[in-house]
Amino acid sequence: MEKNKTSFNISDIFNSASNIGGTGIVLLNKIIKTSSHGSKLYAKLEGLNPGGSVKDRPALYMIKNAVEKGLIKENTSIIDSSSGNTGISYAMIGALLGIKVKIYAPSNMSEERKKIMRLYGAELVLTPPEESHDGAIKRASEEYERGGKDKYYMPDQYNNTYNPISHYETTAVEILKQTGGNIDYFATGIGTGGTILGVGKRLKEYNDKIKIIAVVPDSEMHGIEGWKYNYSLNFYGFDADKIIDDFVKVDTEGSYAALKKLVKDEGILCGFSSGANVYGILKLTAKYKGNFVTVLPDTGSRYLSTRVFSEF
Ligand code: PMP
């Protein structure tokens with residue numbers, strides 16, 4: 001292999017990862033009964049992605065862009081921090097494309113997540129839980145600085161515009177098609193903010209009357225995996241002030257009750273942030289009426305060993 005020449009073919013990347021995206025959407029009519037609320041709630045089932053979460057989409061876009069720009073070469077490893085879902089997506093796509101993956105994550109993430117990443121062949125570096133995600137981000141960045149650009153490619157999902165672009169080009173387009181564009185509100189939580197900004201921007205371009213609402217935790221100790229309390233929205237070309245119209249705060253108990261309803265009444269085994277999104281929308285129906293859309297970001301099967309499902 002010629003030095004610095006990539007062995008990856010862009011069309012191969014999209015062909016072999018063509019099962020990412022294209023997820024189903026369902027009407028949650030047990031949770032929001034149109035007759036009593038005067039509203040409808042549609043939820044996109046992101047747990048149906050091959051990596052089990054919404055993060056397959058940005059991971060694929062960020063990696064594809066890096067290959068395209070020659071930032072990932074023959075011996076480059078992908079290095080990043082992740083609460084779990086993005087790490088799993090990197091690991092899955094890395095396995096598919098033969099790219100090494102090294103993930104920094106707090107050691108208290110679920111055992112299933114650790115196992116899944118390792119099964120795909122990723123190297124996992126566990127960081128002290130008291131440092132939370134910020135500690136994992138810092139340590140991954142330090143190792144990236146030590147190894148340099150020849151050794152590593154760091155997607156940096158918190159600042160990589162291909163994160164929201166993936167949602168702008170896929171998630172949002174699918175939502176518009178699946179609902180016929182008949183949407184009044186899109187509401188979801190914030191981890192990196194890729195979903196809300198990417199989907200929100202596209203929906204507003206389609207119809208500027210669609211309101212984009214962020215569902216945020218009411219306390220720092222919320223326990224909702226995938227969400228950040230002190231988030232920053234920092235993506236080139238996606239201006240949060242122009243995209244997000246309103247916020248709704250949710251507490252952990254209400255989110256947990258909504259998760260229970262999703263599993264037991266709607267038959268959807270999803271993660272905690274799905275419950276939190278749905279609870280946020282339930283609260284919003286007191287103020288707004290119309291067609292709501294949200295995403296259920298991941299499958300519940302990777303939380304089976306955690307407290308979330310221990311007394312369900
Ligand atoms: N829920 C879960 C389970 C997640 O893994 C994430 C991603 N961190 C989110 C919600 C938030 O998505 P985003 O990063 O696009 O804001």
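Scroll up for the structure.
First things first, this report covers the structure right here in the doc.

Rules of the game
Residues numbered from 1 in each chain as written. Predicted model: local features only at pLDDT ≥ 70, side-chain atom pairs only at ≥ 80, totals over all residues. Heavy atoms only, no water. Helix = DSSP H or I, 4+ residues; strand = E, 2+ residues; numbered from the N terminus. Rg over C-alpha atoms; globule rule 2.2 N^0.38 Å. Buried < 20%, exposed > 50% of the residue type's maximum accessible area, 1.4 Å probe, protein only. Contact = heavy atoms within 4.5 Å. Areas by Shrake-Rupley, 256 points an atom, 1.4 Å probe, with all protein chains shown as cover. Lys, Arg positive; Asp, Glu negative; His and termini not counted. Charge placed at Lys NZ, Arg CZ, Asp CG, Glu CD. Salt bridge = Lys/Arg side-chain N within 4 Å of Asp/Glu carboxyl O. Expected span 1.5 Å × (residues − 1). Phe/Tyr/Trp six-rings, centres within 6.5 Å; stacked < 30°, edge-to-face > 60°. Lys NZ or Arg CZ within 6 Å of the ring centre and 35° of its normal.

**Focus: the overall build of the protein chain**
Then, in step 1: Broken down by element type, the protein chain carries 11 helices and 10 strands.
Then, in step 2: A globule of 312 residues ought to have a C-alpha radius of gyration of about 20 Å, and the protein chain, at 19 Å, matches this closely.
Then, in step 3: Dimensions along the principal axes, computed over C-alpha positions, put the protein chain at roughly 65 × 40 × 30 Å.
Then, in step 4: The burial tally for the protein chain puts 56% of its 312 residues in the buried class.
Then, in step 5: A separation threshold of at least 6 residues defines the contact pool for the protein chain, and within that pool the share at least 24 residues apart is 73%.
Then, in step 6: Approximately 13600 Å² of the protein chain is accessible, and the part contributed by carbon and sulfur atoms is 48%.
Then, in step 7: Side-chain charges of the protein chain comprise 39 positive and 36 negative groups, with the mean position of each set lying 3 Å from the other.

**Structural notes on the pattern of salt bridges**
Then, in step 1: Tallying each qualifying case throughout the model produces 16 salt bridges.
Then, in step 2: Put simply, Glu225 and Arg113 hold a salt bridge, and the shortest N to O gap is 2.9 Å. A residue pair is termed long-range when its members are at least 10 positions apart, and Glu225 in the loop between β8 (211-217) and α9 (240-243) and Arg113 in helix α5 (residues 111-119) qualify at 112 residues.
Then, in step 3: Overall, the relative accessible area of 22% leaves Glu225 in the partly exposed class.
Then, in step 4: Using a relative accessible area of 1% as the deciding quantity, one classes Arg113 as buried.
Then, in step 5: Taken together, the shared-partner salt bridges in this structure form one network comprising Lys44, Glu46, Arg57 and Glu174.

**Digging into helix α8 (residues 194-206)**
Then, in step 1: The end-to-end C-alpha distance of α8 is 18 Å, a good match for the 18 Å that 13 residues give at a rise of 1.5 Å each.
Then, in step 2: Lining the buried residues of α8 we find α7 (162-179), β7 (185-189), β8, α9 and β10 (291-296).

**Some points on the packing of aromatic side chains**
Then, in step 1: Taken as a whole and assessed by the stated rule, the structure comprises 7 aromatic pairs.
Then, in step 2: Both rings, one in Tyr256 and one in Phe312, keep their centres 5.7 Å apart while their planes meet at 85°; by these two values the pair is edge-to-face. Taken as a pair, Tyr256 in helix α10 (residues 252-264) and Phe312 in the segment after β10 lie far apart in primary sequence, 56 residues in all.
Then, in step 3: Judged by its relative accessible area of 23%, Tyr256 falls in the partly exposed class.
Then, in step 4: Overall, the relative accessible area of 24% leaves Phe312 in the partly exposed class.
Then, in step 5: Members of the aromatic cluster, joined through ring pairs, are Tyr256, Phe272, Phe309 and Phe312.
Then, in step 6: Above the plane of the ring of Tyr168 lies Lys201, whose end atom (NZ or CZ) is 5.8 Å from the centre.

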